[in-house]
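Topology and contacts: notes
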Amino acid sequence: MKSQTDLLKQLEQELLYLQAKTYRAHSPGELEGLLDALGAPYAPEKIAVEDRPFLRDLNWVRSRTGPGVNHRDNHWEAVRSIALGLTGVDYALADTGTLILFAGTSKGRWVSLAPRIHVALLPLGRILPSMDEFFPLLATPDILASSGSAVTFITGASRTADIELNLVMGAHGPKELHVITLLFPTGG
Amino acid sequence: MKIETEHFKQKADQAVQDAAMQGALARATQRFSLSRARVFQDLPEGEDLRTEAHGIKAEVMDHLEVYLEQLKTSAEALGVKVFRAQDGQAASRYIQDLIRVKQIKTVVKSKSMTTEEIDLNQDLGRAGTEVWETDLGEFIIQLAEEPPSHIIGPAIHKSQEEIARLFADRLGVPVYETPEELTMVAREFLREKYFQAGLGISGANFALAQTGTLVILENEGNARFCTTFPRIHVAVMGIEKVIPGSEELAVFLKLLARSATGQKSSTYVSLIRGPSRSAEGDGPEEVHLILLDNGRSRILRDPILRPSLYCLRCGACLNVCPVYQKVGGHTYGWAYSGPIGALIVPQYLGLLRARDLPMASTLCGACAQVCPVRIPIPDLLLELRRRIQEQGAAWGEKSIIRFWAALQKHPRWVQTFFWFIKKMAGLFPKRFPPGLTFPEKSFHQWWQDEKPD
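A quick note: this is a predicted structure, and the numbers were derived from the prediction, not measured.

The next point concerns the overall build of chain A. Helix and strand counts for chain A stand at 8 helices and 11 strands. For 188 residues, the compact-globule estimate of 2.2 N^0.38 gives 16 Å, and chain A sits close to it at 16 Å. Across its three principal directions, the C-alpha atoms of chain A cover 45 × 45 × 35 Å. Across the 188 residues of chain A, 51% fall into the buried class.

Next up on the list: the overall build of chain B. Looking only at helices and strands, chain B has 21 helices and 10 strands in total. Across its three principal axes, chain B shows a C-alpha extent of roughly 90 × 55 × 45 Å. Out of the 453 residues in chain B, the part that is buried amounts to 47%. Residue pairs in contact within chain B that sit at least 24 positions apart in sequence constitute 75% of those at least 6 positions apart.

Take the domain arrangement of chain B next. Residues and elements named next belong to chain B. For chain B, the assigned domains are domain 1 (1-42 + 312-392), domain 2 (44-146 + 197-294) and domain 3 (405-450). Across the boundary between the two partners, domain 1 contributes 17 residues, which contact 20 residues of domain 2. Top contributing element to the side of domain 1 that touches domain 2 by residue count: helix H2 (residues 19-41), with 6 residues. Residues that form the side of domain 1 that touches domain 2 fall into these classes: 11 nonpolar, 2 polar and 4 charged.

Before going further, it helps to examine the sheet that holds strand E4 (residues 91-93) of chain A. Hydrogen bonding along the main chain pairs the strands of a sheet, whether they run parallel or antiparallel. Strand order in the open sheet formed by 8 strands is E7(A)-E4(A)-E5(A)-E8(A)-E9(B)-E6(B)-E5(B)-E8(B), and the pairing between neighbours is mixed. Of all strands in the sheet, those with a lone pairing partner are strand E7 (127-128) of chain A together with strand E8 (242-243) of chain B, marking the two edges. Where strand E5 (residues 206-208) of chain B lies against E8(B), 2 bridges are found, and the strand directions are parallel. In the strand pairing of E8(B), B:Ala207 is matched with B:Val242. Strand contacts of helix H7 (residues 131-138) of chain A: E4, strand E5 (98-102), E7 and strand E8 (150-154) of chain A, with the helix running at about 150 degrees to E4(A), the strand carrying the most contacts.

What follows concerns the pairing of E5(A). Residue and element names in this part refer to chain A. Judged by how many residues are buried, E5 sits mostly within the fold: 5 of 5 residues are covered. Here E5 shows no split at all, with Thr98, Ile100 and Phe102 on one side and Leu99 and Leu101 on the other all buried. Where E4 meets E5, 3 bridges bridge the pair, whose relative direction is antiparallel. Following the sheet pairing, tyrosine 91 is matched in E5 by isoleucine 100.

With that out of the way, let us pick up the pairing of strand E3 (residues 84-88) of chain A. Each regular strand displays side chains that alternate between the two surfaces of the sheet. All names here are of chain A. Buried residues dominate E3, accounting for 5 of its 5 residues. Here E3 shows a buried face lined by Leu84, Leu86 and Gly88 and a second buried face lined by Gly85 and Thr87. In the sheet, strand E2 (residues 47-49) pairs with E3 via 3 bridges, with the strands oriented parallel. Each residue of the ladder has a partner; that of valine 49, found in E3, is leucine 86.

Where a protein is soluble and globular, its nonpolar side chains tend to be buried together. Counting 169 residues, the largest nonpolar core has A:Ala92, B:Phe252, B:Ile290 and B:Cys317 as its most contacted members. Here the element with the most residues in this core is helix H12 (residues 246-260) of chain B; it accounts for 8 residues. Those residues in contact with B:Cys317, other than ones at most four positions away along the chain, are B:Gly338, B:Pro339, B:Ile340, B:Cys367, B:Val370, B:Cys371 and B:Ile377.

To continue, consider the interface of chain A and chain B. Across the contact, 41 residues belong to chain A and 48 residues belong to chain B. Secondary structure elements with two or more residues in the side of chain A that touches chain B: helix H6 (103-106), H7, E8 and strand E9 (159-160) of chain A. Of the residues belonging to the side of chain A that touches chain B, the class tally is 16 nonpolar, 17 polar and 8 charged. Sheet topology note: the E8(A)/strand E9 (residues 268-272) of chain B ladder contains 5 bridges and is antiparallel. Paired with A:Thr152 across the strands is B:Ser270, a residue of E9(B).

What follows is about unusual backbone geometry. The phi torsion of most residues other than glycine is negative, and most of the peptide bonds are trans. A positive phi angle is found at A:Lys107, which is not glycine, with a value near 55 degrees. Tracing the sequence through the fold places A:Lys107 in the loop between H6 and strand E6 (117-123). Its identity as a non-glycine residue notwithstanding, B:Gln103 has a phi of 55 degrees, on the positive side. With respect to the element layout, B:Gln103 can be found in the loop between helix H5 (88-101) and strand E2 (106-109). For B:Gln103, a count of 7 C-beta atoms within 10 Å puts it in the exposed group.

What follows concerns the sheet that holds strand E7 (residues 232-238) of chain B. All names here are of chain B. Within the open sheet, the 6 strands sit side by side as E1-E10-E7-E4-E2-E3. Their pairing is parallel. Since the sheet does not close on itself, it has two edges, and those belong to strand E1 (81-85) and strand E3 (130-133), each with one partner. Neighbour to neighbour, the strand axes of the sheet diverge by 20 degrees on average, direction disregarded. Here strand E4 (residues 199-202) runs beside E7; their pairing, made up of 4 bridges, is parallel.

Quick look at the packing of helix H16 (residues 338-349) of chain B against helix H18 (residues 377-392) of chain B now. To describe two helices that pack against each other, one gives the angle between their axes and the distance between the axes. Residues and elements named next belong to chain B. Where H16 meets H18, the axes come as close as 10 Å, and the angle between the chain directions of the two elements is 40 degrees. Taken together, the axes of H16 and H18 lie oblique to each other. By crossing handedness, the relation of H16 to H18 is classed as left-handed. Of the residues in H18, those in contact with Pro339, Ile340, Ala342, Leu343 and Pro346 of H16 are Ile377, Leu380, Leu381 and Leu384. For the contact of H16 with H18, the per-class residue count stands at 9 nonpolar, no polar and no charged.

With respect to the element layout, B:Gly137 can be found in helix H8 (residues 136-144). C-beta crowding within 10 Å serves as the criterion here: with 25 such atoms nearby, B:Gly137 is assigned to the buried category. Separated by 16 residues in the primary sequence, B:Gly137 and B:Gly153 place their C-alpha atoms 6.4 Å from one another. Leaving out residues up to four positions away in the same chain, B:Gly137 has contacts with A:Asp162, B:Gly153, B:Pro154 and B:Ala155.

Let's shift gears to helix H19 (residues 395-408) of chain B. Look at H19(B): 20 Å from first C-alpha to last across 14 residues, which is about the 20 Å you get at 1.5 Å a residue. In terms of burial, H19(B) is a largely surface element, 0 of the 14 residues being buried.

With that settled, consider the environment of B:Met61. Residue and element names in this part refer to chain B. If you trace the backbone, methionine 61 turns up in helix H3 (residues 48-62). Residue methionine 61 is classed as buried on the basis of its C-beta count, with 20 C-beta atoms lying within 10 Å. As a C-alpha pair, methionine 61 and alanine 257 span 196 residues in sequence and 23 Å in three-dimensional space. When neighbours within four sequence positions are excluded, methionine 61 is seen to be in contact with Leu300, Arg306 and Leu309.

This next bit is on the environment of B:Arg191. Topologically, B:Arg191 is positioned in helix H10 (residues 179-196). Sequence-wise, B:Arg191 and B:Gln86 are 105 residues apart; in three dimensions their C-alpha atoms are separated by 34 Å.

Cut-off values and rules
- Residues numbered from 1 in each chain as written.
- Chains lettered and ligands numbered in written order.
- Predicted model: local features only at pLDDT ≥ 70, side-chain atom pairs only at ≥ 80, totals over all residues.
- Helix = DSSP H or I, 4+ residues; strand = E, 2+ residues; numbered from the N terminus.
- Rg over C-alpha atoms; globule rule 2.2 N^0.38 Å.
- Buried ≥ 20, exposed ≤ 12 C-beta atoms within 10 Å, placed from the backbone.
- Contact = placed C-beta atoms within 7 Å.
- Domains from an automatic or database assignment.
- Nonpolar A, V, L, I, M, F, W, Y, C, P; charged D, E, K, R; others polar.
- Pairing = 2+ DSSP bridges.
- Axes fitted to C-alpha atoms, helices over the stretch in contact; angles between N-to-C directions.
- Core = buried A, V, L, I, M, F, W, Y, C linked by C-beta atoms within 7 Å.
- Parallel < 35°, antiparallel > 145°, perpendicular 65-115°, else oblique.
- Left-handed = near helix turned anticlockwise from the far one by under 90°.
- Expected span 1.5 Å × (residues − 1).

Structure representation (structure tokens):
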């Protein structure tokens, strides 16, 4: 069986092939530094964060982002203006470079979809070898309940090749995908 | 979509002259085929997975009604409204009623071959609803008012210059010169539509009977928008797309993107489990699932042709077909083209209405070699040809075939027949094609003389 570190290497290789950027954060301090660098070009009101406990607790989230956006309350203007979306990741699949996000825990599917840049924070322990390990997990009652109304597999940034087969990133969803793997305990 | 399957021959004659279209198709289909071949090499289970997929589909089709009932029960338990539509009209009426009751003005759609099949956009357009295709390729052909030319790349026959002029004409933007700029035009334009739309319509690649989950694959993110932003989501799915559960889904997910575009996975795979729950920040308040029959149960009752229903709509058979590559998708005259179109279109529309389509095959078998669910397409095309001959051949044609069949059963008659033809050719040379020569001896005679004792 592969170790988590081997799985991470495989995942990063697949993500590289998919033109996503990968980073490793060994400590909360390193994570804050990476987020500072990625978020630097954007004003706080241009950044949206998923509503997850772990993300709420980040200093960077508290100090550098604007008020949460909930599109149910008719925040289209706000959704339109967001440039960077920060999300967690519920599981990842090493063999295909796939990130899996649950609607139930993310509380806002649009954050990984509408902004031009998607930054995803992945706890190391959540990397699985392939979907053959994921689907049995999803069938367990607790995880199924937490998954909510939608489970989304994200494999790279949005893309199209509909115009003379030219690959264009950011067809409708994000143009850039940045994956930061968290190599420290995150408490959840 | 106008059905033009009767004009296959005329359209094919025109298409074979169209070098630009063939060039575009050659580039696209070669790219898809090469990527497919490469990515199958990395698949641990290899081509055996296709046999497994075939087995799953066979099992489901043998008990389709059981799986559909299970799907209905489990989807309804999640809060999905399930409607079984006998035909396209019933599906279209259901959606139109919903649009009227909910006073919806704008509809966004993600790519769905099933809604192409039932001509949904035309119906909704006639009723005064604004309908937008959101997949870039589908958006392009919607603006151009053309049918799709390939299951996976609906607009692969269009050049960048054509698209640039089309966008300038129809959307009032400058004539852009790069694919990036053109893609951004569509992105910005359609994003406003997602915000305005009261209803999102999608297809579904799979539905899981055990859990009521709908599964949608895509690369652009437009299907995620269509199924997240509007308050109502309607999925239109052919009844044959139901599978038992996630174990089987894993098999198909490994095969579908690999077969279609040569990707290990599509960029987005959405597993939708009913309407949004109260604690979630977004997602539709209502989800409807329309299970469309539209002739499928008739095919199901036919034990020989039943495997036609296994199709996943990946387009791999188009990419390897020598006939498709020369005549292109529009020649087939309806929503489905290539080998799978030649197989299913006559079954949906009527054998005689699309009688030329099963003939449009060299029977080379390349399609069967790449089909992710191992549909024996050439065998089934032969069966269709046989039935078309039975049903529709003229009296004269039938007599000739009967005469030929009788002849073949009697070697002596065959010898006599060809002796006669040879004599006639000697007597009336002008009646025969110039340059036609007969050998001294027939093979039969030669064998009699030369065979070792």
